[in-house]
Amino acid sequence: MTERAQLLLMRALDGELAGDERKEFERLLQTDTAFNVEWERLKRLKGLTDSVTFRTPPDEIWEGYMDSVYRRVERGVAWILLSIGAIVLVSTGLWEAGKALFIEDDVAWYIKGSILAVFVGGAILLVSVAREKLFMHRRDPYKDVTR
Amino acid sequence: MATEPSERELMIRARRGDREAFGALVTTHMHRAYRHALGLVGSHDDALDVSQEAFARVFRHHRSLDPERPFYGLVYQVLRRLGFNWIRDRRSRRQKLESSGGWLVERQRPPDPSREAEVADLRARLEVAIARLPEREREIFVLKEFEGLKYREIAALLGVPNGTVMSRLFSARRSLAKQLEGIL
């Protein structure tokens, strides 16, 4: 089916046919069997969708709606503060622990090596995941949908 | 007698962080935002979640509100992105969407009570078929069929040409008609 025929079907179904388009639509209905079949099928679908609508939620929902929006705003701020604080504290703690461990002579070299391996491995994983996320974002078909 | 402030005035105040003005904007548009979210995610709780989060994100960036542009256009851009992410986030969510149901309701009870079960079954099948549509087709289908927007209104809301609206709508309707072939 041509794009023009699809457009006419949609406009006819939604009552948006212009004067000349109506003539063209009626001519196609009379001359093109496939067009006619599609029209009848879509009309039946339209009849079904016209018979239903969105379920309306209870009125009480709307009373607390705005409060819930503000709670979300506050929680967003709280999460940002919490995350920044946690990152600084954990990083400082790890740095200090690492320093103390590596200047300690009683710890065997292979223990020091293993701890270093855990940290390096963790860092590589972190970079890899971040890179993957960035790559996915670049290929995201919805990335043009911005605020 | 004091007149109601216009949307533009409310946006100017909201841009300065005025919660009362932002609240008035939310109150005006929350029903519509909820319905649009419902059309995308298909369940009451998730639609509330998505629509409230959309308003919260707009408020977090209230300084960038542009009073020369419609407030709801901005909210809808955030809402649809959240809705699409919600759907794509987990495969199980798509299954949940298909099985959630109950977000549509018959406009009128059938005159013959013995047909109630049959009509409810038809509605349930329609819900599942809509849930299976690709997100962008479902979005346009819902805006057209259940919100009754005109092509140009949908095009303006989504920032796409009229032709794209019609071709996605045709694709959605054709796919639905195919899925419901046995019962139409």
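Here the structure is a predicted model, which means the values were calculated and not measured. (Residues numbered from 1 in each chain as written. Chains lettered and ligands numbered in written order. Predicted model: local features only at pLDDT ≥ 70, side-chain atom pairs only at ≥ 80, totals over all residues. Heavy atoms only, no water.)

**Observations concerning the overall build of chain A**
As a reminder of what qualifies: A helix here means a DSSP run of H or I that spans at least four residues, while a strand means a run of E at least two residues long, and both kinds are numbered starting from the N terminus. For a compact globule the rule gives 2.2 Å times the number of residues to the power 0.38, and the radius of gyration it is set against comes from C-alpha atoms. Accessible areas in this description were obtained via Shrake-Rupley with a 1.4 Å probe; residue shielding takes into account the shown protein chains only. Positive charge is attributed to Lys and Arg, negative charge to Asp and Glu, and no charge count is given to His or to the chain ends. Charge coordinates come from a single atom per side chain, which is NZ of Lys, CZ of Arg, CG of Asp or CD of Glu.
Secondary structure assignment for chain A yields 6 helices and 1 strand. From first element to last, N terminus to C terminus, chain A shows the α and β order α-α-α-β-α-α-α. The C-alpha radius of gyration of chain A comes to 32 Å, more than 25% above the 15 Å expected for a compact globule of 147 residues. The principal-axis extent of the C-alpha atoms belonging to chain A is close to 95 × 45 × 25 Å. Accessible surface, chain A: about 10500 Å² in total, of which carbon and sulfur atoms supply 63%. Of the charged side chains in chain A, 21 are positive and 23 negative, and the gap between their average positions amounts to 4 Å.

**As for the pattern of salt bridges**
For clarity, the threshold we go by: Put simply, a salt bridge is a Lys or Arg side-chain nitrogen that is within 4 Å of an Asp or Glu carboxyl oxygen.
Tallied over the entire structure, the rule returns 25 salt bridges over all chains. The shortest N-O distance in the salt bridge between Glu139 of chain B and Arg80 of chain B comes to 2.7 Å. Of this pair, Glu139 of chain B sits in helix 7 (residues 135-145) while Arg80 of chain B is found in helix 4 (residues 71-89), placing the two residues 59 residues apart along the sequence. Taken together, the salt bridges that share partners define one network made up of Asp14, Lys46 and Asp50 of chain A together with Glu145 and Arg173 of chain B.

**Here we look at the interface of chain A and chain B**
So the rule is basically this: Any two residues whose heavy atoms approach within 4.5 Å are treated as being in contact. Here the quantity called buried area is the accessible surface, traced with a 1.4 Å probe, that two parts lose on coming together, added over both. Counted as a polar contact is a pair of N or O atoms within 3.5 Å, where, for protein atoms, one must be capable of donating a hydrogen and the other of accepting one, and residues adjacent in sequence contribute only when both atoms are in side chains. Nonpolar residues are Ala, Val, Leu, Ile, Met, Phe, Trp, Tyr, Cys and Pro. Charged residues are Asp, Glu, Lys and Arg, and all others, Gly as well, are polar. Pairing between strands is defined by DSSP: at least two bridges between the two strands are required.
Chain A puts 42 residues into the contact, and the matching count from chain B is 62 residues. For the pairing of chain A and chain B, the buried interface totals around 5100 Å² over both sides, and the portion due to carbon and sulfur atoms is 63%. The interface formed by chain A and chain B contains 7 salt bridges. For the pair chain A and chain B, the interface holds 18 residue pairs in polar contact (both at pLDDT 80 or more). Elements with a contribution of two residues or more to the side of chain A that touches chain B: helix 1 (3-13), helix 3 (33-50), strand 1 (52-54), helix 4 (60-63) and helix 5 (65-103) of chain A. Residues belonging to the side of chain A that touches chain B are distributed by class as follows: 21 nonpolar, 7 polar and 14 charged. Pairing of strand 1 of chain A with strand 1 (residues 104-106) of chain B, which is carried by 3 bridges, proceeds in the antiparallel orientation. Bridge pairing links Val52 of chain A to Glu106 of chain B in strand 1 of chain B.

**A short note on the environment of Arg55 of chain A**
Selection criterion: Relative accessibility under 20% of the residue-type maximum defines a buried residue, over 50% an exposed one, and the middle range a partly exposed one, all with a 1.4 Å probe and only protein chains included.
Looking at where Arg55 of chain A falls in the secondary structure, it is placed in the loop between strand 1 and helix 4. Here Arg55 of chain A falls in the partly exposed class, since its relative accessible area comes to 38%. Among residues more than four places away in sequence, those in contact with Arg55 of chain A are Leu38, Gly102, Trp103, Leu104 and Val105 of chain B. Here the side chain of Arg55 of chain A touches Gly102 of chain B through a polar contact of 2.5 Å, landing on its backbone oxygen.

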